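Examining the three-dimensional arrangement
Spelled out, the chains give:
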Amino acid sequence: MFEGAAEVRLENGGGRCAGRVEVKHEGQWGTFRLVNGSTACEGRVEVRVLGTWGSLCASRWDVLDAHVLCRHLDCGFAESIPRGGPFGRGTGPVWRDSFHCAGTEAHLGQCPVTALGASPCSHENNAAVICSAGSASLRLVGGRSRCDGRVEIFQHGTWGRVLDDQWDMQEASVVCRQLRCGEAETAYNPPKPQRGTGPVGLRGVRCAGHEANLTLCNTSLPESVLAAGIAEDVGVVCWGSRQVRLVNGPGRCAGRVEIYYQGSWGTICDDSWDLPDATVVCHQLGCGGAVKAVGSAHFGEGSGQIWLDAVNCSGAEAALWDCPAGSWGQHDCGHKEDAGVDCSEFVTLRLENSDGCSGRLQVFYNGTWGSVCSNSMTLKTVSLACKELGCGDRGILETRLPYGRVSGPTWLDRVECGERNSSFWQCPSAPWDPQSCDDLRDEAHITCTASEVQAAAQAGTQQEMEETLGRQVELLDHGKRPLPWAHGHPRGHRLGRTGHPACAMATGLAACKPPKMAGFHPQNPHPYRWSLFKGIS
């Protein structure tokens, strides 16, 4: 996964402040667009990767991801994410990447992304969105979601503050309805540190509560009414601001359960906390099913509010707050009883039988450790696994493995990381399967923090070895006599994994030199002469 700010630019707009929005994703400039809609703010989601447009799979596409895309495209917020292909079928590839947005990011490039283990996806399951477009004349700022915060209105080309001296639930209800944020929970005047400092867009407003838009309320109050009170910034907390998150765990899909309610985060008491409750949380977060429901502050004690106690979900609810429970904020618990969950899609890597950074590569998935198979595994894949393990940024794949059948699950196969991937979890692979391979020789055993030349010794082709070392090298017999690069292989030296002879020796000390070919650089005319450790293959 990756998090943090990505670069954004505007292209083909005739100036630096206009144009097509592009995001730099995994080192490449990509573009997001909506196609086949009746306006520019609705349609099938397409992403351009490495120059190729493709549709985005809808399997994990949710309204929070869609909110971020609509904001990114200057189309307001997401009104809906229709299923069933209402905007037609795409013709290019279907990208299986899953975005995991909180909904507050400026663009999709800031959201964590995973692709590992994703199931195949067809054009019948393309992601789509209908954005609010013109409804974006109102926004909430300073909150933890798009559905809570100080109210601002867009008028005459600029955002302005809304001030009032009698702001109450009737006005708040109109704001929440206009923003598609559900019912209003709180109407308030922000404290001084949270007040705005910009121009005033609206001063004084009276609503009946049924209006569809804040501008349909009475905004033409006489000066005598305005002068009678002290108008202040106004804010709302809508029902749609509620969020759930997992904190203090080892990954995105495991941790202490916290709920955002009425503007602050709080925990859940573990009284009657069980697997159906945990299942709702995991589903809500897009983390698969629940493997374990834990209590007694297993992931550490939280602070502040304890929002819910005696939660009693069936497991089928769409959100944790849809489950029967005690009243908000009513409990007899302390933070030593904070509840937590382990979800099936909590994943991590380890090297089994390792005395450091070498061993059998295993992945934790669905609550169980299982092997990773080596079919189609590239040097880039090994390097990203090593990076994820904190074992440097390069490694080699061991090949002299015993015969036999695998015991235990083998979760992954055909993990094929490429140049566009910056994390092991972003790499495409075959779908999760506990029987991905059954031969011990297919299990991935890796050694990390290998030297540059050791890594090059596993390159299966001349081009791969050149890319690994960035220069030509020369094959020497035990470090002394040059050996030819040929279809056969020198006596006493074993073929590499891919069947290429010159750079994967099992015995002796050697280095490799491919013949003259495109890609040699005149500024590096001298071959590198290296000594390899014995036993590298």
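Within any chain, residue numbers begin from 1 and follow the written order of that chain's sequence. Selection of residues for local features in this predicted model requires a pLDDT of at least 70, selection of side-chain atom pairs for listing and counting requires 80 or more, and totals for whole chains, interfaces and linings are taken over all residues. Only heavy atoms go into the side-chain values, all of them from the structure, while hydrogens and water stay out.

**Remarks on the nonpolar core**
Convention followed: Working definition of a nonpolar core: buried Ala, Val, Leu, Ile, Met, Phe, Trp, Tyr and Cys residues. They are joined through side-chain atoms within 4.5 Å. Summary of the burial criterion: residues with accessible area below 20% of their type's maximum are buried, those above 50% are exposed, and those between are partly exposed, where the area comes from a 1.4 Å probe applied to protein chains only. The way it works is that DSSP assigns letters per residue, a run of H or I at least four long becomes a helix, a run of E at least two long becomes a strand, and they are numbered from the N terminus. Contact definition: two residues touch when any of their heavy atoms are within 4.5 Å.
Of all hydrophobic cores here, the largest spans 30 residues; its most connected members are Val257, Ile259, Ile268, Trp273, Leu320 and Val341. Of all elements in the fold, only strand 18 (243–251), strand 19 (254–261), helix 4 (275–284), strand 21 (290–294), strand 22 (305–308) and strand 23 (340–343) reach the threshold of two or more residues within this core. Ignoring any residue separated from it by four or fewer positions in sequence, one finds Val341 in contact with Leu246, Cys253, Ala254, Gly255, Val257, Trp273, Ala278, Val281, Cys282, Lys292, Val294 and Phe299.

**A few points about the pairing of strand 25 (residues 358–365)**
Regular strands place their side chains on alternate faces of the sheet. The cut-off we apply is this: Any two strands between which DSSP finds at least two bridges are classified as paired.
Extensive coverage of strand 25 is indicated by the burial of seven of its eight residues. Bridge count between strand 24 (residues 348–352) and strand 25: five bridges; the pairing is antiparallel. Paired with Glu352 across the strands is Arg360, a residue of strand 25. Note: strand 25 against strand 29 (residues 445–448), three bridges, orientation antiparallel. Within strand 29, the residue paired with Gly359 across the bridge is Ile446. Taking the residues between adjacent antiparallel strands as the criterion, strand 25 and strand 26 (residues 368–372) are bridged by two residues, where Asn366 takes a positive phi near 55°.

**Some remarks on the state of the cysteines**
Stated precisely, the cut-off is as follows: Disulfide: a pair of cysteine sulfur atoms within 2.5 Å of each other.
The tally for this structure, following the rule as stated, stands at 15 disulfides. The disulfide partner of Cys41 is Cys75, and the gap between their sulfur atoms is 2.0 Å. Because the sign of the S-S torsion sets the handedness, a value of about -70° for the bond joining Cys41 and Cys75 places this disulfide among the left-handed ones. Of this pair, Cys41 sits in the loop between strand 3 (28–35) and strand 4 (42–49) while Cys75 sits in the loop between helix 1 (63–72) and strand 6 (78–80), placing them 34 residues apart in sequence. For Cys41, a relative accessible area of 11% gives the class buried.

**Let's talk about helix 5 (residues 379–388)**
Those residues of helix 5 lying buried are Thr381, Val382, Ser383, Leu384, Ala385 and Cys386. Next to the buried residues of helix 5 lie strand 24, strand 25, strand 27 (395–397) and strand 29. Phi turns positive, to about 70°, at Gly390, one or two residues after helix 5.

**So, unusual backbone geometry**
Phi is mostly negative for residues that are not glycine, and the peptide bonds are mostly trans. Even without a glycine there, the phi angle at Arg180 is positive, about 55°. Looking at the secondary structure, you find Arg180 in the loop between helix 2 (169–178) and strand 14 (184–188). A positive phi angle, close to 55°, is found at Asn366, a residue other than glycine. Mapped onto the fold, Asn366 is located in the loop between strand 25 and strand 26. Under the relative-accessibility criterion, Asn366 is labelled partly exposed at 39%.

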